[in-house]
Amino acid sequence: MVIEPIIKGVVARSAHPYGCEASIQQQINFAKSAPQIKAGPKRVLILGASSGFGLAARIALTFGGSDADTIGVSFERGPSEKGVGTAGWYNNVFFEQEAEKAGRIAVNIVGDAFAQETRDQVIEAIETYFEGEVDLIIYSLATGIRPNPTTGEKWLSSIKPIGDSVTGATVLLENDEWIETTIEPATEQEIESTIKVMGGSDWESWVDTLINAESIADGCKTIAFSYIGSEANYPIYRDGTLGWAKVDLHQASHSLNLKLANFNGSAHATVCKALVTKASVFIPTFTPYIIALYKAMKEDGSHETCIEQMQRLFTDKLYNQNTIPVDAERLIRMDDWEMKPSIQQRVAELMTQMNATNFKEIGDYQGYKQEFMQLNGFDIKDVDYQQDIDLEALTALQP
Ligand code: NAI
């Protein structure tokens, strides 16, 4: 069978396995050719390892100079009668193959990171493969739902403004349609649930679990990813439910930092650049900002994708010197280039000009969409998309 891209709204309903393989290879090639990570960690646990920043961090740490072994947790689906499976499934499969070829350990645990069973599996894997300890824990989950660990009831996140409604445009990737929408402000309940799902409490509880299991190595660090943005998107991000959840995450980084100080380690929230990922396309009214940002940063020669952000994080910030460079709120700023005044000024100019008819010319919609397609294994150079794919052979590929 030939696998075609299927997009519904902003969600990809199909993925191309061999495109995902090629994308993993491209990211590995980048990590190998970039400035190398020095004195990096050797045993790394990544929660949310199959796509976006988590996957890029895994590739950078394995192939970008640190020669790390990794345990990656993710929630992905393999091929079945229902479909070909998710891109993240194939990313796990092909990453593991490449890591093993390079003599590195790569363990994939596919399951719900909120379930006790998954924690037990992780601790067992740390015992089996890492001599019982980890040097770095990366928390990179992005999800809309988390069970309450005491009652099992589900918390659902809502990406909404707080206080006032927000009106703006979202471009549907399915048909490239610019849709003006008004998002009503979140209720108290929605704010609270979003903080539970995307805030710092699960990160903290994971690290507590690892401390209790005596799985923390001397000098162990932990990071989780955050976003702040600029005035152009404060109403939907920083001042909305997601922004409040990120403040909670920043606070968790401080209490975790105290706990890890007992192991000569540290905890940091790391603010990344706005990028197209499976998760970020869900943020309503965010498209005009991100396509203006892509345009401005490409003009400036400073556009980075997830792999470039992660390689720079480990070489320039986290493992570069004795003290990790942070801002006044103890945040690591990987959004430093996005926040440059000249970039923000250009973004503002482009956003004022942009509308439903000209957004493809004014913003870098083409680049944005291409990155989205590539996340799912499509639109990648030198992949034969007409090839006949044997589903049975794919089923044999286990992460
Ligand atoms: P993504 O959607 O590409 O990756 C999310 C990962 O979490 C995947 O590996 C997925 O399998 C895993 N996951 C989700 N639910 C799970 C569950 N219940 N159990 C186990 N694994 C699960 O997302 P992305 O964008 O890389 O996001 C990671 C973090 O980076 C998030 O905290 C996000 O807020 C943050 N961030 C994202 C930015 C962006 O522009 N994409 C910018 C700055 C921060």
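Residues numbered from 1 in each chain as written. Predicted model: local features only at pLDDT ≥ 70, side-chain atom pairs only at ≥ 80, totals over all residues. Heavy atoms only, no water.

### Re the site of the ligand
To keep things clear, this is the line we draw: In this text, near means that some heavy atom of the residue lies within 4 Å of the molecule or strand in question. In protein, a polar contact means a hydrogen-donor-capable atom and an acceptor-capable atom, both N or O and within 3.5 Å, with residues adjacent in sequence counting only if both atoms are side-chain atoms; elsewhere, any N or O pair within 3.5 Å suffices. Per-residue and other accessible areas were derived by the Shrake-Rupley procedure at a 1.4 Å probe size, with only the shown protein chains allowed to occlude residues. Put simply, DSSP marks the helices as runs of H or I at least four residues long and the strands as runs of E at least two long, and each gets a number from the N terminus on. Nonpolar residues are Ala, Val, Leu, Ile, Met, Phe, Trp, Tyr, Cys and Pro. Charged residues are Asp, Glu, Lys and Arg, and all others, Gly as well, are polar.
Around the ligand, the structure places 30 residues, and the nearest of them are Ser-50, Ala-113, Lys-246, Leu-275 and Thr-277. Between the ligand and the protein, one listed contact pairs an oxygen atom with a backbone N or O atom of Phe-53 at 2.9 Å. Look at the ligand: alone it shows 830 Å² of surface, and the protein chains cover 94% of it. Those elements that place two or more of their residues in the shell around the ligand are α2 (52-63) and β11 (216-226). Here the shell around the ligand is composed, by residue class, of 14 nonpolar, 11 polar and 5 charged.

### Overview of the pattern of salt bridges
Worth spelling out the cut-off: Whenever Lys or Arg places a side-chain nitrogen within 4 Å of a carboxyl oxygen from Asp or Glu, that contact is recorded as a salt bridge. Each residue is assigned to one of three classes by its accessible area relative to the maximum for its type, calculated with a 1.4 Å probe on protein chains only: buried under 20%, partly exposed between the two thresholds, exposed over 50%.
Evaluated as defined, the whole model comprises 20 salt bridges. Here Lys-160 ties to Glu-190 by a salt bridge, and the two come within 3.0 Å at their closest N and O atoms. Placement of Lys-160 in the loop between β8 (154-156) and β9 (166-172) and of Glu-190 in helix α5 (residues 188-198) is noted, with a sequence separation of 30 residues between them. For Lys-160, a relative accessible area of 23% gives the class partly exposed.

### Here we look at the packing of aromatic side chains
Note the cut-off: A pair of Phe, Tyr and Trp rings is counted when the ring centres sit within 6.5 Å of each other, with Trp represented by its six-membered ring. The angle between the planes then sorts it: under 30 degrees is stacked, over 60 is edge-to-face, the rest tilted.
Per the stated rule, a full pass over the model turns up 13 aromatic pairs. With a centroid separation of 6.2 Å and 55 degrees between ring planes, the pair formed by Tyr-18 and Phe-94 is classed as tilted. With Tyr-18 in helix α1 (residues 17-33) and Phe-94 in helix α3 (residues 87-101), this residue pair connects regions lying 76 residues apart in the sequence. Ring plane angle 80 degrees and centroid distance 6.0 Å describe the contact between Tyr-227 and Phe-286, whose orientation is recorded as edge-to-face. Residue Tyr-227 is found in the loop between β11 and α7 (241-261), and its partner Phe-286 is found in the loop between β12 (266-271) and α8 (287-300); the two are separated by 59 residues along the sequence. The class for Phe-286 is buried, based on a relative accessible area of 5%. By way of ring pairs, the aromatic residues Trp-178, Tyr-294, Phe-359, Tyr-365 and Tyr-368 are connected into one cluster.

### Quick word on the nonpolar core
Put simply, the rule reads: Grouping buried Ala, Val, Leu, Ile, Met, Phe, Trp, Tyr and Cys residues that are joined through side-chain atoms within 4.5 Å yields what is termed a nonpolar core. Contacts are assigned to residue pairs that have any heavy atoms within 4.5 Å of one another.
Counting 89 residues, the largest nonpolar core has Ile-59, Ile-138, Phe-286, Met-310 and Phe-314 as its most contacted members. If near-sequence neighbours (up to four positions away) are discounted, Phe-314 is found in contact with Ile-37, Ala-57, Ala-60, Leu-61, Leu-136, Ile-138, Ile-223, Tyr-319 and Asn-320. Within the second largest apolar cluster, 34 residues are counted, among which are Val-107, Leu-141, Tyr-234 and Ala-269.

### What to know about the sheet that holds strand β6 (residues 134-139)
Strands in a sheet are paired, the pairing made by backbone hydrogen bonds, and the direction either parallel or antiparallel. In plain terms, the rule: Two strands make a pair as long as DSSP finds a minimum of two bridges between them.
Pairing within the open sheet is parallel, and its 7 strands lie in the order β5-β4-β3-β6-β11-β12-β13. Here the strands that pair on one side only, and so sit at the sheet edges, are β5 (106-110) and β13 (332-333).

### Description of the UniProt feature "domain: Trans-2-enoyl-CoA reductase-like NAD(P)H binding" (unreviewed entry) in the chain
Defined as follows: UniProt positions are given in the numbering used here, feature names are shortened, and annotations may be inferred rather than shown by experiment.
In the numbering adopted here, UniProt assigns the feature "domain: Trans-2-enoyl-CoA reductase-like NAD(P)H binding" (unreviewed entry) to residues 2-81. The straight-line gap between the two end C-alpha atoms of residues 2-81 is 15 Å; of that span, 36% is helix and 19% is strand.

### Structural notes on a negative patch on the surface
For clarity, the cut-off: In this analysis, a patch consists of residues with relative accessible area above 30% that form no salt bridge, clustered at 9 Å for like charges and at 5 Å for the nonpolar side chains Val, Leu, Ile, Met, Phe, Trp and Tyr. His is not counted, nor are the chain ends, whereas Lys and Arg count as positive and Asp and Glu as negative. Note that the charge is assigned to NZ on lysines, CZ on arginines, CG on aspartates and CD on glutamates.
Together, Glu-117, Asp-120, Glu-124 and Glu-127 line one region of the surface with negative charge. Of note, Glu-117 is situated in helix α4 (residues 116-129).

### Observations regarding the UniProt feature "active site" (unreviewed entry) in the chain
In this numbering, the UniProt entry assigns the feature "active site" (unreviewed entry) to Tyr-237. Of note, Tyr-237 is situated in the loop between β11 and α7. A residue is classified by how much of its surface remains accessible, and Tyr-237, at 6% relative accessible area, is buried.

### Things to note about the environment of Val-73
By secondary structure assignment, the location of Val-73 is in strand β4 (residues 69-74). In this structure Val-73 comes out as buried when scored by relative accessible area, which is 1%. For the pair Val-73 and Lys-8, spaced 65 residues apart in sequence, the C-alpha separation works out to 26 Å. If we skip the residues at most four places from it in the chain, Val-73 touches Leu-45, Ile-46, Leu-47, Gly-48, Ala-49, Ile-109, Gly-111, Ala-113, Thr-118 and Val-122.

### Overview of α1
Selection rule: Expected span, for any helix, means 1.5 Å times one less than how many residues it has.
Its 17 residues give α1 an end-to-end C-alpha distance of 25 Å, which sits within 8% of 24 Å, the value for a rise of 1.5 Å per residue. Every buried residue of α1 is listed here: Pro-17, Gly-19, Cys-20, Ala-22, Ser-23, Ile-24, Gln-27, Ile-28 and Ala-31. For α1, the elements touching its buried residues are α2, α3, α9 (306-318), α12 (365-375) and α13 (391-395).

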